[in-house]
Amino acid sequence: MAQVGIVMGSDSDMPIMKKAADVLEELGISFDMRIISAHREPQEFFDYANSAEANGFKVIIAGAGMAAHLPGMCAAIFPMPVIGIPMHTTSLGGKDSLYSIVQMPSGIPVATVAINGGANAGLLAAKILATSDSALLDKLKAYSAKQKDAVVAKDQKLQEVGYKNY
Ligand code: RP5
């Protein structure tokens, strides 16, 4: 059974949703990935959300753009954490997606990441799962240490060559 459900409103969301999947894969977390539109196929959406708990998901990562109701409606039905990813849009720059996802009514939270924040959604899902999985927590600590080492190496290079040659 997959631990995380990844769902997006359209295949046009895939370049961002892929980043969440890549993080989960790197950390060895199983996931199920679907394209389901809450607006264009409401019955399929309800079937997905209603069966998510029985399918073993502990977290859902839902990405959508424009009038982005998919994450909020997942949160209305699924009883465990939902992470929302607002997609960048050409007309309103993704503020439409962001506001649609983040401005949830009291009682129905969606943990909203940045516009196009696919990787952080994957990491947040991993951190939620790591609260009851010490081996995964160790992997996350190693992931953070690797990020730190990368910044230290960049600064070291800057000190060596100077900013004009960086
Ligand atoms: C939303 O509408 C999707 O999540 C997507 O971000 C946006 C546009 O969808 P397409 O017209 O590209 O299928 O439901």
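Note that this is a predicted model, so its numbers are computed, not measured.

Participant: Please give an account of a nonpolar patch on the surface that cites residues and values.
Facilitator: Among the surface-exposed residues, L158, V161, Y163 and Y166 lie close enough to one another that they form a single nonpolar patch of about 420 Å² accessible area. Among the secondary structure elements, Y163 is positioned in the segment after α6 (134–161).

Participant: Explain the layout of surface pockets to me, and be specific about the residues and the numbers.
Facilitator: Put simply, the largest pocket is a space of about 330 Å³. Lining the largest pocket are 18 residues, and of these G9, S10, R40, G65 and M66 lie nearest its centre. Looking at side-chain class alone, the lining of the largest pocket contains seven nonpolar, nine polar and two charged residues.

Participant: Could you give an account of the site of the ligand, with specific residues and numbers?
Facilitator: With respect to spatial proximity, the complete set of residues near the ligand consists of G9, S10, S12, D13, R40, A64, G65 and M66. D13 places a polar side-chain atom, nitrogen or oxygen, 2.6 Å from an oxygen atom of the ligand. Residue G65 places a main-chain N or O atom 3.1 Å away from an oxygen atom belonging to the ligand. Look at the ligand: alone it shows 360 Å² of surface, and the protein chains cover 71% of it. A class-by-class count of the residues in the shell around the ligand yields two nonpolar, four polar and two charged.

Participant: Lay out the sheet that holds strand β4 (residues 82–86) in plain terms, naming residues and giving numbers.
Facilitator: The sheet built from five strands is open, its strands ordered β2-β1-β3-β4-β5 with parallel pairing. Edge strands, defined here as strands with exactly one partner in the open sheet, are β2 (31–35) and β5 (111–112). With five bridges joining them, strand β1 (residues 4–8) and β2 adopt parallel strand pairing. From the neighbouring strand, M8 faces β2, where its bridge partner is I35. Helix-sheet contacts for helix α3 (residues 70–77) involve β1, β3 (59–64) and β4, and the interaxial angle to β3 is about 155°.

Participant: I'd like a description of the domain arrangement of the protein chain, backed by residues and values.
Facilitator: Domain annotation of the protein chain identifies domain 1 (4–132) and domain 2 (134–166). On the side of domain 2, seven residues touch domain 1, which itself brings 11 residues to the contact. Taken together, both faces of the contact between domain 1 and domain 2 bury some 750 Å²; the carbon and sulfur share is 70%. Its largest share of buried area at the contact with domain 2, domain 1 owes to E26, L27 and A130, together 59% of the area lost on that side. Between the two partners, domain 1 and domain 2, sit one salt bridge. Notably, a salt bridge pairs E26 with K146, separated by 3.3 Å at the nearest N-O pair. Mapped onto the side of domain 1 that touches domain 2, the elements with two or more residues apiece are α1 (14–26) and α5 (118–130). For the side of domain 1 that touches domain 2, the class distribution of residues is seven nonpolar, two polar and two charged.

Participant: Outline helix α2 (residues 42–51), supporting the account with residue identities and numerical values.
Facilitator: All of the buried residues along α2 are F45, Y48 and A49. Within α2, the buried residues cover an arc of 90° as seen down the axis, which keeps them to one side. The exposed residues of α2 that point more than 90 degrees off its buried face are Q43 and N50. Elements that come into contact with the buried residues of α2 comprise β1, β2, β3 and α3.

Participant: An account of the pattern of salt bridges is requested, with residue identities and associated values reported.
Facilitator: The full count for this structure, using the stated rule, is two salt bridges. Here K18 makes a salt bridge to D22, at a shortest N to O gap of 3.1 Å. Of the two residues, K18 and D22 are both situated in helix α1; the distance of four residues between them amounts to about one turn of the helix. For K18, a relative accessible area of 43% gives the class partly exposed.

Conventions adopted
- Residues numbered from 1 in each chain as written.
- Predicted model: local features only at pLDDT ≥ 70, side-chain atom pairs only at ≥ 80, totals over all residues.
- Heavy atoms only, no water.
- Patch = residues over 30% accessible without salt bridge, like charges linked within 9 Å, V, L, I, M, F, W, Y side chains within 5 Å.
- Areas by Shrake-Rupley, 256 points an atom, 1.4 Å probe, with all protein chains shown as cover.
- Salt bridge = Lys/Arg side-chain N within 4 Å of Asp/Glu carboxyl O.
- Helix = DSSP H or I, 4+ residues; strand = E, 2+ residues; numbered from the N terminus.
- 1 Å grid on protein atoms, 1.4 Å probe; cavity = no way out; pocket = protein on both sides within 12 Å on 5 of 7 lines; lining within 4 Å.
- Points joined across faces, edges and corners; volume = space filled by probe spheres on them.
- Nonpolar A, V, L, I, M, F, W, Y, C, P; charged D, E, K, R; others polar.
- Near = heavy atom within 4 Å.
- Polar contact = N/O pair within 3.5 Å; in protein donor to acceptor, adjacent residues only side chain to side chain.
- Pairing = 2+ DSSP bridges.
- Contact = heavy atoms within 4.5 Å.
- Axes fitted to C-alpha atoms, helices over the stretch in contact; angles between N-to-C directions.
- Domains from an automatic or database assignment.
- Buried area = accessible area lost by both parts, 1.4 Å probe.
- Buried < 20%, exposed > 50% of the residue type's maximum accessible area, 1.4 Å probe, protein only.
- Arc of directions from axis to C-beta.

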